[in-house]
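# Observations on the three-dimensional arrangement
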Amino acid sequence: MNWGRIWAVFLRYYYFFAKPDSMADLFFWPALDIFLWGMTSVWIQHTEQEFPKLAIAILTGLVFWQIVWRSNYEIAVNMLQEFWNRNLVNLFSTPLKLSEWIVAMMLYGIFKIIVTIVFGAFVVWGLYSLNIFNMGWSFLPFCVSLILSGWLIGFLSAAIMVNYGQRLQILAWMTAYIFAPFSAIFYPMSALPSWGQLIAKALPMTYIFEGMRLVLYEKTFSMEMLLTSLGLNIFYLALMMLFFRWMFEKSREKGLARLE
Amino acid sequence: MTKEKVLSVQNLRKVYSGKVPFVAVDDISFDLHRGEILGLLGSNGAGKTTTIQMLLSTLKATSGSIFYFGKDFFTHRSEVLEQVAFASTYVSLPWMLTVEQNLEVFGRLYGLSAEERRKRMDAFLERFGIISKKKDKVSQLSAGQITRLMLVKAFMMRPKIVLLDEPTASLDPDIAEEVVQFVLEERKINGTAILYTSHNMAEVAEVCDRVLFLQKGKIIADDVPERLAKSVATCRVQLLVGDGLKRTVAVAEKLKLPYKLDHRTVEFQLDEAQIANLLMALAQAGVLYTNINIMHPTLEDYFLHMAGVGRRS
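Residues numbered from 1 in each chain as written. Chains lettered and ligands numbered in written order. Predicted model: local features only at pLDDT ≥ 70, side-chain atom pairs only at ≥ 80, totals over all residues. Heavy atoms only, no water.

A few words now on the overall build of chain B. Scanning chain B from terminus to terminus reveals eleven helices and 14 strands. Sequence separation of 24 or more characterises 69% of the internal contacts of chain B that already satisfy a separation of 6 or more. Carbon and sulfur atoms make up 52% of the accessible area of chain B, which amounts to about 14300 Å² in all. Each charge class in chain B can be summarised by its mean position, and for the 40 positive and 37 negative side chains these summaries are 4 Å apart. (Helix = DSSP H or I, 4+ residues; strand = E, 2+ residues; numbered from the N terminus. Contact = heavy atoms within 4.5 Å. Areas by Shrake-Rupley, 256 points an atom, 1.4 Å probe, with all protein chains shown as cover. Lys, Arg positive; Asp, Glu negative; His and termini not counted. Charge placed at Lys NZ, Arg CZ, Asp CG, Glu CD.)

As C-alpha coordinates, this is what we get:
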(Lines give C-alpha, C1' and ligand atoms only; values in the text may rest on other atoms or scores of the structure.)
Protein backbone atom coordinates (compact mmCIF):
# COMPACT_ATOMS: atom_id res chain seq x y z
CA MET A 1 0.00 0.00 0.00
CA ASN A 2 1.58 3.28 -1.14
CA TRP A 3 0.15 6.37 0.61
CA GLY A 4 1.60 8.72 -2.00
CA ARG A 5 -0.51 7.04 -4.69
CA ILE A 6 -3.56 7.02 -2.42
CA TRP A 7 -3.11 10.76 -1.90
CA ALA A 8 -2.76 11.22 -5.68
CA VAL A 9 -6.13 9.54 -6.29
CA PHE A 10 -7.69 11.53 -3.43
CA LEU A 11 -6.44 14.72 -5.11
CA ARG A 12 -7.75 13.58 -8.48
CA TYR A 13 -11.28 13.62 -7.02
CA TYR A 14 -10.68 16.57 -4.72
CA TYR A 15 -9.79 18.76 -7.72
CA PHE A 16 -13.29 18.03 -8.96
CA PHE A 17 -14.69 19.11 -5.58
CA ALA A 18 -15.20 22.80 -6.37
CA LYS A 19 -16.92 22.15 -9.70
CA PRO A 20 -20.67 22.85 -10.13
CA ASP A 21 -21.61 19.15 -10.39
CA SER A 22 -19.90 18.39 -7.14
CA MET A 23 -21.37 21.46 -5.43
CA ALA A 24 -24.89 20.37 -6.40
CA ASP A 25 -24.28 16.91 -4.93
CA LEU A 26 -22.84 18.34 -1.77
CA PHE A 27 -25.21 21.20 -1.04
CA PHE A 28 -28.17 21.55 -3.38
CA TRP A 29 -29.69 18.07 -3.16
CA PRO A 30 -29.27 17.62 0.61
CA ALA A 31 -30.71 21.11 1.21
CA LEU A 32 -33.64 20.42 -1.12
CA ASP A 33 -34.41 17.12 0.64
CA ILE A 34 -34.23 18.72 4.05
CA PHE A 35 -36.45 21.60 2.97
CA LEU A 36 -39.15 19.45 1.32
CA TRP A 37 -39.31 16.77 3.98
CA GLY A 38 -38.73 19.22 6.78
CA MET A 39 -41.74 21.27 5.77
CA THR A 40 -43.78 18.08 5.55
CA SER A 41 -42.66 17.11 9.06
CA VAL A 42 -43.47 20.53 10.48
CA TRP A 43 -46.94 20.28 9.01
CA ILE A 44 -47.43 16.77 10.50
CA GLN A 45 -46.22 18.02 13.88
CA HIS A 46 -48.76 20.81 13.85
CA THR A 47 -51.68 18.62 12.85
CA GLU A 48 -50.85 15.43 14.75
CA GLN A 49 -49.95 16.51 18.28
CA GLU A 50 -49.79 12.92 19.55
CA PHE A 51 -46.53 12.46 17.60
CA PRO A 52 -44.38 15.27 19.02
CA LYS A 53 -41.06 13.70 18.04
CA LEU A 54 -42.05 12.64 14.58
CA ALA A 55 -40.55 15.71 12.95
CA ILE A 56 -37.10 15.26 14.42
CA ALA A 57 -37.27 11.51 13.74
CA ILE A 58 -37.99 12.11 10.06
CA LEU A 59 -35.39 14.84 9.78
CA THR A 60 -32.77 12.75 11.54
CA GLY A 61 -33.60 9.88 9.21
CA LEU A 62 -33.18 12.22 6.26
CA VAL A 63 -29.84 13.61 7.31
CA PHE A 64 -28.46 10.22 8.21
CA TRP A 65 -29.76 8.58 5.05
CA GLN A 66 -27.58 11.14 3.29
CA ILE A 67 -24.59 9.42 4.91
CA VAL A 68 -25.53 6.08 3.33
CA TRP A 69 -26.35 7.75 0.03
CA ARG A 70 -23.21 9.88 -0.01
CA SER A 71 -20.76 7.11 0.85
CA ASN A 72 -22.42 4.84 -1.74
CA TYR A 73 -22.39 7.60 -4.33
CA GLU A 74 -18.72 8.44 -3.87
CA ILE A 75 -17.62 4.94 -4.72
CA ALA A 76 -19.99 4.31 -7.61
CA VAL A 77 -20.02 7.73 -9.30
CA ASN A 78 -16.30 8.36 -8.93
CA MET A 79 -15.73 5.12 -10.78
CA LEU A 80 -18.18 6.26 -13.47
CA GLN A 81 -16.20 9.52 -13.71
CA GLU A 82 -13.28 7.46 -15.00
CA PHE A 83 -15.48 5.84 -17.65
CA TRP A 84 -16.89 9.19 -18.75
CA ASN A 85 -13.45 10.84 -18.83
CA ARG A 86 -11.85 7.92 -20.71
CA ASN A 87 -9.33 7.83 -17.89
CA LEU A 88 -9.70 4.27 -16.58
CA VAL A 89 -6.92 2.83 -18.75
CA ASN A 90 -4.69 5.80 -17.87
CA LEU A 91 -5.25 5.27 -14.19
CA PHE A 92 -4.81 1.51 -14.09
CA SER A 93 -1.80 1.52 -16.39
CA THR A 94 0.12 3.37 -13.67
CA PRO A 95 1.62 1.66 -10.60
CA LEU A 96 -1.71 2.27 -8.81
CA LYS A 97 -3.12 -0.86 -7.17
CA LEU A 98 -6.82 -1.58 -6.95
CA SER A 99 -6.57 -1.66 -3.15
CA GLU A 100 -5.04 1.83 -3.18
CA TRP A 101 -7.83 3.14 -5.38
CA ILE A 102 -10.37 1.64 -2.97
CA VAL A 103 -8.72 3.25 0.09
CA ALA A 104 -8.55 6.63 -1.68
CA MET A 105 -12.25 6.36 -2.55
CA MET A 106 -13.11 5.65 1.06
CA LEU A 107 -11.03 8.52 2.41
CA TYR A 108 -12.49 10.94 -0.09
CA GLY A 109 -15.95 9.64 0.78
CA ILE A 110 -15.35 10.31 4.48
CA PHE A 111 -14.18 13.84 3.68
CA LYS A 112 -17.29 14.63 1.65
CA ILE A 113 -19.62 13.01 4.19
CA ILE A 114 -18.25 15.24 6.93
CA VAL A 115 -18.93 18.28 4.75
CA THR A 116 -22.46 17.06 3.97
CA ILE A 117 -23.34 16.28 7.59
CA VAL A 118 -22.11 19.60 8.87
CA PHE A 119 -23.92 21.44 6.09
CA GLY A 120 -27.12 19.38 6.61
CA ALA A 121 -27.06 20.02 10.35
CA PHE A 122 -26.73 23.77 9.75
CA VAL A 123 -29.64 23.77 7.29
CA VAL A 124 -31.87 21.87 9.75
CA TRP A 125 -30.86 24.24 12.55
CA GLY A 126 -31.41 27.31 10.36
CA LEU A 127 -34.74 26.25 8.94
CA TYR A 128 -36.33 24.45 11.87
CA SER A 129 -34.28 25.47 14.92
CA LEU A 130 -33.55 21.80 15.55
CA ASN A 131 -30.19 20.45 16.62
CA ILE A 132 -29.84 16.96 15.22
CA PHE A 133 -26.80 16.42 17.44
CA ASN A 134 -29.06 16.70 20.49
CA MET A 135 -28.96 12.96 20.82
CA GLY A 136 -25.40 13.53 22.02
CA TRP A 137 -22.22 11.85 20.78
CA SER A 138 -23.97 8.48 20.79
CA PHE A 139 -24.84 9.14 17.15
CA LEU A 140 -21.17 8.87 16.14
CA PRO A 141 -20.83 5.06 16.22
CA PHE A 142 -24.07 4.87 14.24
CA CYS A 143 -22.57 7.26 11.70
CA VAL A 144 -19.54 5.02 11.29
CA SER A 145 -21.85 2.07 10.72
CA LEU A 146 -23.87 4.07 8.19
CA ILE A 147 -20.72 4.91 6.23
CA LEU A 148 -19.88 1.21 6.07
CA SER A 149 -23.43 0.51 4.81
CA GLY A 150 -22.98 3.13 2.09
CA TRP A 151 -19.65 1.66 1.04
CA LEU A 152 -21.00 -1.85 0.75
CA ILE A 153 -23.84 -0.61 -1.46
CA GLY A 154 -21.34 1.49 -3.44
CA PHE A 155 -19.05 -1.47 -4.03
CA LEU A 156 -22.02 -3.61 -5.04
CA SER A 157 -22.98 -1.06 -7.74
CA ALA A 158 -19.35 -0.45 -8.74
CA ALA A 159 -18.66 -4.18 -9.04
CA ILE A 160 -21.57 -4.68 -11.42
CA MET A 161 -20.72 -1.56 -13.44
CA VAL A 162 -17.03 -2.36 -13.75
CA ASN A 163 -17.93 -5.64 -15.39
CA TYR A 164 -21.02 -4.73 -17.40
CA GLY A 165 -20.07 -1.14 -18.23
CA GLN A 166 -21.95 2.09 -18.68
CA ARG A 167 -25.20 0.48 -19.80
CA LEU A 168 -25.83 -0.24 -16.10
CA GLN A 169 -24.66 3.14 -14.80
CA ILE A 170 -28.14 3.87 -13.43
CA LEU A 171 -27.18 1.50 -10.57
CA ALA A 172 -24.99 4.25 -9.13
CA TRP A 173 -28.14 6.20 -8.23
CA MET A 174 -30.60 3.35 -7.87
CA THR A 175 -29.02 0.65 -5.73
CA ALA A 176 -29.22 2.51 -2.41
CA TYR A 177 -32.93 3.15 -3.00
CA ILE A 178 -33.55 -0.55 -3.60
CA PHE A 179 -32.54 -1.09 0.04
CA ALA A 180 -34.20 2.08 1.39
CA PRO A 181 -37.76 0.73 1.86
CA PHE A 182 -36.40 -2.13 4.01
CA SER A 183 -33.94 -0.07 6.05
CA ALA A 184 -36.42 1.40 8.54
CA ILE A 185 -35.30 4.93 7.76
CA PHE A 186 -38.58 6.74 8.48
CA TYR A 187 -40.73 3.96 9.97
CA PRO A 188 -39.94 1.05 12.28
CA MET A 189 -39.24 -2.41 10.95
CA SER A 190 -42.54 -3.58 12.50
CA ALA A 191 -44.40 -1.43 9.97
CA LEU A 192 -43.22 -3.70 7.18
CA PRO A 193 -45.10 -6.82 6.06
CA SER A 194 -43.62 -10.07 7.38
CA TRP A 195 -41.64 -10.83 4.17
CA GLY A 196 -40.29 -7.26 4.28
CA GLN A 197 -39.24 -7.73 7.89
CA LEU A 198 -37.19 -10.76 6.87
CA ILE A 199 -35.25 -8.62 4.39
CA ALA A 200 -34.96 -5.77 6.92
CA LYS A 201 -33.46 -8.08 9.54
CA ALA A 202 -30.65 -8.96 7.16
CA LEU A 203 -29.78 -5.32 6.49
CA PRO A 204 -27.34 -3.46 8.76
CA MET A 205 -29.06 -0.11 8.10
CA THR A 206 -32.22 -1.35 9.86
CA TYR A 207 -30.43 -1.70 13.19
CA ILE A 208 -28.82 1.70 12.80
CA PHE A 209 -32.07 3.59 12.18
CA GLU A 210 -33.95 1.57 14.81
CA GLY A 211 -31.12 2.27 17.25
CA MET A 212 -31.16 5.99 16.47
CA ARG A 213 -34.90 6.14 17.07
CA LEU A 214 -34.36 4.48 20.46
CA VAL A 215 -31.89 7.23 21.30
CA LEU A 216 -34.41 9.86 20.19
CA TYR A 217 -37.59 8.48 21.72
CA GLU A 218 -36.35 6.63 24.80
CA LYS A 219 -32.92 8.20 25.36
CA THR A 220 -31.54 4.65 25.29
CA PHE A 221 -28.35 3.70 23.52
CA SER A 222 -28.66 0.14 22.26
CA MET A 223 -25.22 -1.43 22.12
CA GLU A 224 -26.83 -4.59 20.76
CA MET A 225 -28.26 -2.70 17.76
CA LEU A 226 -24.95 -0.97 17.12
CA LEU A 227 -22.91 -4.17 17.33
CA THR A 228 -25.38 -6.06 15.13
CA SER A 229 -25.20 -3.33 12.49
CA LEU A 230 -21.41 -3.14 12.68
CA GLY A 231 -21.08 -6.92 12.50
CA LEU A 232 -23.36 -7.17 9.48
CA ASN A 233 -21.66 -4.22 7.82
CA ILE A 234 -18.17 -5.61 8.26
CA PHE A 235 -19.29 -9.03 7.01
CA TYR A 236 -21.08 -7.65 3.94
CA LEU A 237 -18.36 -5.10 3.22
CA ALA A 238 -15.71 -7.82 3.21
CA LEU A 239 -17.91 -9.83 0.84
CA MET A 240 -18.48 -6.82 -1.40
CA MET A 241 -14.75 -6.04 -1.58
CA LEU A 242 -14.10 -9.58 -2.70
CA PHE A 243 -16.99 -9.34 -5.15
CA PHE A 244 -15.63 -6.03 -6.50
CA ARG A 245 -12.13 -7.44 -6.92
CA TRP A 246 -13.55 -10.54 -8.63
CA MET A 247 -15.66 -8.45 -11.02
CA PHE A 248 -12.70 -6.13 -11.71
CA GLU A 249 -10.59 -9.14 -12.65
CA LYS A 250 -13.42 -10.47 -14.84
CA SER A 251 -13.57 -7.06 -16.48
CA ARG A 252 -9.81 -7.14 -17.08
CA GLU A 253 -10.35 -10.36 -19.01
CA LYS A 254 -12.50 -8.37 -21.43
CA GLY A 255 -10.31 -5.27 -21.20
CA LEU A 256 -10.80 -2.05 -19.25
CA ALA A 257 -10.57 -0.01 -22.46
CA ARG A 258 -14.02 -1.18 -23.56
CA LEU A 259 -15.57 0.61 -20.57
CA GLU A 260 -14.52 4.04 -21.85
CA MET B 1 22.90 0.66 -28.83
CA THR B 2 23.29 -1.79 -25.94
CA LYS B 3 21.42 -5.04 -26.06
CA GLU B 4 20.04 -4.95 -22.52
CA LYS B 5 16.64 -6.61 -22.72
CA VAL B 6 13.98 -4.50 -20.98
CA LEU B 7 10.87 -6.33 -22.16
CA SER B 8 10.42 -9.94 -23.09
CA VAL B 9 7.09 -11.29 -24.30
CA GLN B 10 6.76 -15.03 -24.57
CA ASN B 11 3.95 -16.96 -26.23
CA LEU B 12 1.42 -14.28 -25.40
CA ARG B 13 -2.11 -15.19 -26.35
CA LYS B 14 -5.50 -13.54 -25.94
CA VAL B 15 -8.70 -15.38 -26.66
CA TYR B 16 -12.02 -13.62 -26.10
CA SER B 17 -14.53 -16.15 -24.92
CA GLY B 18 -17.99 -16.25 -26.43
CA LYS B 19 -20.19 -18.51 -28.50
CA VAL B 20 -17.41 -18.41 -31.08
CA PRO B 21 -14.12 -17.75 -29.28
CA PHE B 22 -12.07 -15.05 -30.97
CA VAL B 23 -8.29 -15.24 -31.00
CA ALA B 24 -7.10 -11.61 -30.90
CA VAL B 25 -3.44 -12.32 -30.21
CA ASP B 26 -2.04 -15.67 -31.13
CA ASP B 27 1.10 -16.89 -29.45
CA ILE B 28 3.38 -13.91 -30.03
CA SER B 29 6.91 -13.58 -28.69
CA PHE B 30 9.30 -10.66 -28.99
CA ASP B 31 11.89 -8.67 -27.07
CA LEU B 32 12.47 -4.96 -26.67
CA HIS B 33 15.93 -3.66 -25.84
CA ARG B 34 17.11 -0.55 -24.05
CA GLY B 35 17.13 2.42 -26.43
CA GLU B 36 15.26 0.53 -29.13
CA ILE B 37 12.18 1.83 -30.91
CA LEU B 38 10.06 -1.08 -31.97
CA GLY B 39 7.14 -0.54 -34.33
CA LEU B 40 3.99 -2.57 -34.06
CA LEU B 41 2.21 -2.61 -37.40
CA GLY B 42 -0.85 -4.28 -38.78
CA SER B 43 -4.29 -3.60 -40.20
CA ASN B 44 -7.21 -2.73 -37.95
CA GLY B 45 -8.00 -5.72 -35.75
CA ALA B 46 -4.55 -7.26 -36.21
CA GLY B 47 -3.96 -7.27 -32.44
CA LYS B 48 -1.75 -4.19 -31.88
CA THR B 49 -3.91 -2.44 -29.28
CA THR B 50 -4.77 -5.77 -27.63
CA THR B 51 -1.05 -6.42 -27.22
CA ILE B 52 -0.44 -2.96 -25.74
CA GLN B 53 -3.36 -3.37 -23.33
CA MET B 54 -1.91 -6.66 -22.11
CA LEU B 55 1.49 -5.00 -21.70
CA LEU B 56 -0.21 -2.45 -19.44
CA SER B 57 -2.24 -5.04 -17.49
CA THR B 58 -5.53 -3.37 -18.38
CA LEU B 59 -6.33 -6.56 -20.30
CA LYS B 60 -5.63 -10.01 -18.93
CA ALA B 61 -3.69 -12.38 -21.16
CA THR B 62 -5.17 -15.83 -21.70
CA SER B 63 -1.72 -17.40 -21.58
CA GLY B 64 1.93 -16.59 -22.03
CA SER B 65 4.26 -14.41 -20.05
CA ILE B 66 5.55 -10.85 -19.95
CA PHE B 67 8.86 -9.96 -18.31
CA TYR B 68 9.92 -6.36 -17.77
CA PHE B 69 13.53 -5.87 -16.67
CA GLY B 70 13.65 -9.61 -15.98
CA LYS B 71 10.70 -9.45 -13.59
CA ASP B 72 7.44 -11.31 -14.11
CA PHE B 73 4.86 -8.62 -14.89
CA PHE B 74 1.96 -10.66 -13.54
CA THR B 75 3.50 -10.86 -10.07
CA HIS B 76 5.38 -7.50 -10.00
CA ARG B 77 2.82 -5.30 -11.76
CA SER B 78 2.98 -2.18 -9.60
CA GLU B 79 6.76 -2.21 -9.21
CA VAL B 80 7.27 -2.68 -12.95
CA LEU B 81 4.80 0.02 -14.00
CA GLU B 82 6.81 2.65 -12.08
CA GLN B 83 9.21 2.42 -15.05
CA VAL B 84 6.66 2.07 -17.85
CA ALA B 85 4.51 4.88 -19.24
CA PHE B 86 1.79 4.97 -21.83
CA ALA B 87 0.25 7.53 -24.17
CA SER B 88 -2.49 7.08 -26.70
CA THR B 89 -4.66 9.25 -28.86
CA TYR B 90 -7.61 7.09 -27.87
CA VAL B 91 -7.66 7.77 -24.15
CA SER B 92 -8.08 11.09 -22.41
CA LEU B 93 -7.65 12.73 -19.04
CA PRO B 94 -10.24 14.08 -16.59
CA TRP B 95 -11.56 17.00 -18.60
CA MET B 96 -12.77 19.13 -15.68
CA LEU B 97 -9.28 19.19 -14.19
CA THR B 98 -6.63 21.59 -15.44
CA VAL B 99 -3.52 20.47 -17.30
CA GLU B 100 -1.46 21.19 -14.19
CA GLN B 101 -3.80 19.27 -11.85
CA ASN B 102 -3.80 16.23 -14.13
CA LEU B 103 -0.03 16.18 -14.38
CA GLU B 104 0.29 16.61 -10.64
CA VAL B 105 -1.96 13.60 -10.02
CA PHE B 106 -0.04 11.41 -12.47
CA GLY B 107 3.31 12.69 -11.21
CA ARG B 108 2.31 11.61 -7.71
CA LEU B 109 1.11 8.22 -8.97
CA TYR B 110 4.61 7.65 -10.36
CA GLY B 111 6.20 8.85 -7.13
CA LEU B 112 7.79 12.09 -8.42
CA SER B 113 8.78 14.61 -5.76
CA ALA B 114 7.19 18.08 -5.75
CA GLU B 115 10.38 19.56 -7.19
CA GLU B 116 10.62 16.94 -9.95
CA ARG B 117 6.95 17.43 -10.82
CA ARG B 118 7.25 21.18 -11.10
CA LYS B 119 10.49 21.21 -13.11
CA ARG B 120 9.59 18.43 -15.49
CA MET B 121 6.02 19.58 -15.99
CA ASP B 122 7.17 23.03 -17.11
CA ALA B 123 10.01 21.67 -19.23
CA PHE B 124 7.84 19.16 -21.09
CA LEU B 125 4.87 21.49 -21.51
CA GLU B 126 7.30 24.02 -22.99
CA ARG B 127 8.86 21.37 -25.24
CA PHE B 128 5.44 20.39 -26.62
CA GLY B 129 4.30 24.01 -27.02
CA ILE B 130 1.42 23.92 -24.54
CA ILE B 131 2.91 25.73 -21.55
CA SER B 132 0.35 28.51 -22.03
CA LYS B 133 -2.41 25.93 -21.43
CA LYS B 134 -1.09 24.90 -18.00
CA LYS B 135 -3.97 26.48 -16.11
CA ASP B 136 -6.64 25.51 -18.67
CA LYS B 137 -9.07 22.66 -18.18
CA VAL B 138 -8.54 19.65 -20.43
CA SER B 139 -12.02 20.32 -21.86
CA GLN B 140 -10.67 23.59 -23.29
CA LEU B 141 -7.88 21.91 -25.25
CA SER B 142 -8.03 20.83 -28.88
CA ALA B 143 -7.62 17.16 -29.81
CA GLY B 144 -4.02 17.81 -30.84
CA GLN B 145 -3.24 19.57 -27.56
CA ILE B 146 -4.71 16.66 -25.58
CA THR B 147 -2.50 14.27 -27.54
CA ARG B 148 0.54 16.40 -26.66
CA LEU B 149 -0.57 16.51 -23.02
CA MET B 150 -0.72 12.71 -23.03
CA LEU B 151 2.86 12.64 -24.30
CA VAL B 152 3.92 15.05 -21.53
CA LYS B 153 2.17 12.77 -19.04
CA ALA B 154 4.09 9.77 -20.34
CA PHE B 155 7.57 11.29 -20.71
CA MET B 156 7.69 13.51 -17.61
CA MET B 157 7.88 10.33 -15.51
CA ARG B 158 11.29 9.58 -17.13
CA PRO B 159 10.22 5.99 -17.77
CA LYS B 160 12.54 3.32 -19.09
CA ILE B 161 9.85 2.09 -21.48
CA VAL B 162 7.09 4.03 -23.20
CA LEU B 163 4.19 2.43 -25.03
CA LEU B 164 2.89 4.83 -27.65
CA ASP B 165 -0.38 3.96 -29.35
CA GLU B 166 -0.87 6.18 -32.42
CA PRO B 167 0.86 9.16 -30.77
CA THR B 168 0.58 11.45 -33.79
CA ALA B 169 -2.87 10.45 -35.07
CA SER B 170 -4.58 13.78 -34.39
CA LEU B 171 -1.64 16.10 -34.95
CA ASP B 172 -0.85 18.51 -37.76
CA PRO B 173 2.15 17.37 -39.85
CA ASP B 174 4.54 19.94 -38.36
CA ILE B 175 3.63 19.01 -34.77
CA ALA B 176 3.74 15.30 -35.66
CA GLU B 177 7.27 15.78 -36.97
CA GLU B 178 8.22 17.54 -33.72
CA VAL B 179 6.86 14.59 -31.76
CA VAL B 180 8.88 12.19 -33.91
CA GLN B 181 12.03 14.25 -33.31
CA PHE B 182 11.27 14.34 -29.59
CA VAL B 183 10.88 10.56 -29.44
CA LEU B 184 14.21 10.10 -31.23
CA GLU B 185 15.88 12.54 -28.81
CA GLU B 186 14.46 10.79 -25.74
CA ARG B 187 15.82 7.50 -26.99
CA LYS B 188 19.23 9.02 -27.69
CA ILE B 189 19.58 10.99 -24.45
CA ASN B 190 17.88 8.69 -21.94
CA GLY B 191 18.02 5.33 -23.68
CA THR B 192 14.24 5.05 -23.44
CA ALA B 193 12.85 1.95 -25.12
CA ILE B 194 9.69 2.62 -27.07
CA LEU B 195 6.96 0.43 -28.49
CA TYR B 196 5.30 2.43 -31.23
CA THR B 197 2.13 1.91 -33.21
CA SER B 198 1.09 4.19 -36.03
CA HIS B 199 -0.77 4.12 -39.30
CA ASN B 200 1.70 6.57 -40.78
CA MET B 201 4.17 4.26 -42.49
CA ALA B 202 6.66 7.00 -43.37
CA GLU B 203 6.75 7.94 -39.70
CA VAL B 204 7.26 4.33 -38.59
CA ALA B 205 10.07 3.94 -41.12
CA GLU B 206 11.69 7.13 -39.81
CA VAL B 207 11.35 6.35 -36.12
CA CYS B 208 11.55 2.60 -35.69
CA ASP B 209 14.68 0.50 -35.56
CA ARG B 210 12.69 -2.65 -36.07
CA VAL B 211 9.11 -3.47 -36.99
CA LEU B 212 6.83 -6.32 -35.99
CA PHE B 213 4.04 -6.90 -38.46
CA LEU B 214 0.93 -8.42 -36.94
CA GLN B 215 -1.73 -10.15 -38.95
CA LYS B 216 -4.74 -11.86 -37.39
CA GLY B 217 -2.99 -11.81 -34.03
CA LYS B 218 0.24 -13.41 -35.24
CA ILE B 219 3.64 -11.85 -35.87
CA ILE B 220 4.31 -12.54 -39.54
CA ALA B 221 7.42 -10.40 -39.87
CA ASP B 222 10.10 -9.01 -37.58
CA ASP B 223 12.75 -6.96 -39.32
CA VAL B 224 14.14 -3.49 -39.99
CA PRO B 225 11.76 -1.30 -42.04
CA GLU B 226 14.00 -1.15 -45.15
CA ARG B 227 14.29 -4.92 -45.44
CA LEU B 228 10.56 -5.39 -44.94
CA ALA B 229 9.89 -2.89 -47.71
CA LYS B 230 12.32 -4.56 -50.09
CA SER B 231 10.90 -7.98 -49.34
CA VAL B 232 7.70 -7.31 -51.23
CA ALA B 233 8.41 -4.44 -53.60
CA THR B 234 10.91 -3.37 -56.20
CA CYS B 235 11.97 0.12 -57.22
CA ARG B 236 9.88 2.11 -59.64
CA VAL B 237 11.49 4.39 -62.20
CA GLN B 238 9.25 6.95 -63.88
CA LEU B 239 10.40 8.67 -67.07
CA LEU B 240 8.73 11.49 -68.93
CA VAL B 241 9.87 10.64 -72.45
CA GLY B 242 10.48 13.53 -74.84
CA ASP B 243 11.63 11.57 -77.88
CA GLY B 244 11.75 7.78 -78.46
CA LEU B 245 8.65 6.40 -76.78
CA LYS B 246 8.58 3.30 -79.04
CA ARG B 247 12.31 2.72 -78.41
CA THR B 248 11.69 3.01 -74.66
CA VAL B 249 9.06 0.29 -74.82
CA ALA B 250 11.39 -1.83 -76.90
CA VAL B 251 14.14 -1.48 -74.27
CA ALA B 252 11.71 -2.50 -71.52
CA GLU B 253 10.68 -5.60 -73.50
CA LYS B 254 14.27 -6.45 -74.32
CA LEU B 255 15.28 -6.23 -70.63
CA LYS B 256 12.03 -8.04 -69.66
CA LEU B 257 11.03 -5.29 -67.26
CA PRO B 258 7.38 -4.82 -66.30
CA TYR B 259 6.25 -1.32 -67.30
CA LYS B 260 3.19 0.94 -67.42
CA LEU B 261 2.56 3.51 -70.12
CA ASP B 262 0.52 6.65 -69.48
CA HIS B 263 0.70 9.20 -72.35
CA ARG B 264 4.42 9.98 -72.45
CA THR B 265 5.17 8.70 -68.97
CA VAL B 266 6.66 5.22 -68.65
CA GLU B 267 6.99 3.54 -65.25
CA PHE B 268 9.34 0.56 -64.89
CA GLN B 269 9.43 -1.89 -62.02
CA LEU B 270 12.88 -3.25 -61.31
CA ASP B 271 15.46 -4.05 -58.68
CA GLU B 272 17.67 -1.17 -57.55
CA ALA B 273 20.70 -2.88 -59.09
CA GLN B 274 19.07 -2.88 -62.54
CA ILE B 275 18.53 0.90 -62.67
CA ALA B 276 21.98 1.65 -64.09
CA ASN B 277 21.53 -0.97 -66.85
CA LEU B 278 18.15 0.46 -67.79
CA LEU B 279 19.42 4.02 -68.04
CA MET B 280 22.42 2.89 -70.10
CA ALA B 281 20.21 0.91 -72.49
CA LEU B 282 17.92 3.91 -72.92
CA ALA B 283 20.88 6.16 -73.66
CA GLN B 284 22.24 3.68 -76.21
CA ALA B 285 18.82 3.60 -77.86
CA GLY B 286 18.87 7.42 -78.10
CA VAL B 287 15.86 7.94 -75.88
CA LEU B 288 15.50 11.50 -74.60
CA TYR B 289 13.64 11.99 -71.36
CA THR B 290 12.89 15.28 -69.63
CA ASN B 291 12.14 14.03 -66.16
CA ILE B 292 13.18 11.00 -64.10
CA ASN B 293 11.72 9.90 -60.77
CA ILE B 294 13.17 6.94 -58.86
CA MET B 295 10.90 5.57 -56.15
CA HIS B 296 12.32 3.14 -53.61
CA PRO B 297 10.07 0.55 -51.97
CA THR B 298 8.50 1.86 -48.78
CA LEU B 299 7.02 0.37 -45.67
CA GLU B 300 3.66 1.43 -47.06
CA ASP B 301 4.20 -0.88 -50.04
CA TYR B 302 4.87 -3.66 -47.56
CA PHE B 303 1.81 -2.78 -45.49
CA LEU B 304 -0.47 -2.66 -48.52
CA HIS B 305 0.93 -5.91 -49.84
CA MET B 306 0.54 -7.75 -46.53
CA ALA B 307 -2.88 -6.27 -45.86
CA GLY B 308 -3.95 -7.51 -49.31
CA VAL B 309 -2.54 -10.96 -48.61
CA GLY B 310 -4.35 -10.96 -45.27
CA ARG B 311 -7.69 -10.06 -46.84
CA ARG B 312 -7.34 -12.68 -49.57
CA SER B 313 -6.49 -15.40 -47.08
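Having put the structure on the table, let's press on.
Each side of the interface is counted separately: chain B has 33 residues, and chain A has 31 residues. Carbon and sulfur atoms make up 57% of the surface buried where chain B meets chain A, a total of about 2900 Å² over both sides. By the criterion of area lost to chain A, the three top residues of chain B are T58(B), K60(B) and L109(B), representing 23% of everything that side buries. In this assembly, chain B and chain A are joined by three salt bridges. For R5(A), the salt bridge is made with E82(B), and the minimal N-O distance between the two is 3.5 Å. Where chain B touches chain A, the interface holds 17 residue pairs in polar contact (both at pLDDT 80 or more). (Buried area = accessible area lost by both parts, 1.4 Å probe. Salt bridge = Lys/Arg side-chain N within 4 Å of Asp/Glu carboxyl O. Polar contact = N/O pair within 3.5 Å; in protein donor to acceptor, adjacent residues only side chain to side chain.)

Through backbone hydrogen bonds, the strands of a sheet pair up, either in parallel or in antiparallel fashion. Residues and elements named next belong to chain B. The strand order across the open sheet formed by six strands is β6-β7-β8-β3-β9-β10, and the pairing between neighbours is mixed. Whereas interior strands pair on both sides, the edge strands pair on one side only; in this sheet they are β6 (84-88) and β10 (218-223). With direction set aside, neighbouring strand axes in the sheet form an average angle of 15 degrees. The strands touched by helix α1 (residues 48-56) are β3 (37-41), β6, β7 (161-165), β8 (193-197) and β9 (210-215); relative to β7, the strand with the most contacts, the crossing angle is about 145 degrees. (Pairing = 2+ DSSP bridges. Axes fitted to C-alpha atoms, helices over the stretch in contact; angles between N-to-C directions.)

Ranked by size, the top nonpolar core spans 154 residues in total, and within it W101(A), F244(A), Y68(B), F155(B) and L163(B) carry the most contacts. Examining the composition of this core, we find that 15 residues originate from one element, helix α6 (residues 139-164) of chain A, more than from any other. Among all residues touching W101(A), those that are not within four sequence positions of it are V9(A), Y13(A), I75(A), M79(A), L91(A), F92(A), L96(A) and F244(A). Core analysis: the next-biggest nonpolar cluster, separate from the first, contains 16 residues, L245(B), A252(B), A281(B) and L282(B) among them. (Core = buried A, V, L, I, M, F, W, Y, C linked by side-chain atoms within 4.5 Å. Buried < 20%, exposed > 50% of the residue type's maximum accessible area, 1.4 Å probe, protein only.)

Residue and element names in this part refer to chain B. On the basis of which strands lie adjacent, the open sheet formed by four strands has the order β2-β1-β4-β5 and antiparallel pairing. Of all strands in the sheet, those bounded by a partner on one side alone are β2 (22-33) and β5 (71-72). The sheet contact formed by strand β1 (residues 5-16) and strand β4 (residues 63-68) spans five bridges and is antiparallel. Along β4, the bridge assignment pairs L7 with Y68.

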